[in-house]
Amino acid sequence: MAADPSAPGSVLVVRLSSLGAVLLTTPVFENIKTAWPSCRTSVLVKKAFAPVFHKNPFVDEVLPFEERTIWGWAREIRRRRFGLFLDLHDTRRSRLWGWCSGAGRRLRYDKRTWARR
């Protein structure tokens, strides 16, 4: 089987907090790996929720949010050159990271937070 030319080499999924929301992201990783088996998957999440992903066979790397500042993560995300930036958090901070990411594709879950305010 030929490699999928649309497959990103790596994907960063951002979902920092709220245990229920973090748990609901777990099928996303299986779907990514099903579509693109050779893709490397990373998740940026608060340290308290990181254990949700530690034994997930579809997650290659867990990045604890508390290890860097907001701007430190902006620089690190850009340095890693993710092929896909998947923002499931949808905050000003995560939008900034997506904008700074340099990722070939950026997708964001629109929570309509701004409309509710």
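Just above sits the structure.
The following paragraphs examine the structure supplied in this document. This structure is a prediction, so every number in the text was calculated from the model and none was measured. Note on numbering: residues in each chain are counted from 1, in written sequence order. Only residues with pLDDT of 70 or above have their local features reported here, since the model is predicted, and side-chain atom pairs are shown and tallied only from 80 upward, although totals for entire chains, interfaces and linings are computed over all residues. Hydrogen atoms and water are omitted, and side-chain values are computed over all heavy atoms in the structure.

## What about the overall build of the protein?
What counts, and what does not: Secondary structure elements are defined from DSSP: runs of H or I of at least 4 residues count as helices, runs of E of at least 2 residues count as strands, and each element is numbered from the N terminus. The globule rule is 2.2 Å times the number of residues to the power 0.38, and the radius of gyration it is compared with is taken over C-alpha atoms. Accessible area is worked out with a 1.4 Å probe on protein chains only. A residue is then buried under 20% of its type maximum, exposed over 50%, and partly exposed in between. Contacts between residues were defined by any pair of non-hydrogen atoms, one from each residue, lying within 4.5 Å. The Shrake-Rupley method, run with a 1.4 Å probe, gives the accessible areas here. Residue values count only the displayed protein chains as cover. The charge count includes Lys and Arg as positive and Asp and Glu as negative, but it does not include His or the ends of the chains. Lys charges are placed at NZ, Arg charges at CZ, Asp charges at CG and Glu charges at CD.
Each helix and strand counted, the protein has six helices and five strands in total. Scanning the protein from its N terminus toward the C terminus, one meets helices and strands in the order β-α-α-β-α-β-α-β-α-β-α. By the compact-globule yardstick of 13 Å for 117 residues, the protein fits well, its C-alpha radius of gyration being 14 Å. Seen through its C-alpha atoms, the protein measures out along the principal axes to roughly 50 × 30 × 30 Å. For the protein, buried positions account for 44% of its 117 residues. When contacts within the protein are restricted to residue pairs at least 6 apart in sequence, those whose partners lie at least 24 apart make up 51%. Working note: accessible area of the protein is about 7000 Å², and carbon and sulfur atoms make up 55% of it. When the 22 basic and 10 acidic side-chain charges of the protein are each reduced to a single mean position, those positions are 6 Å apart.

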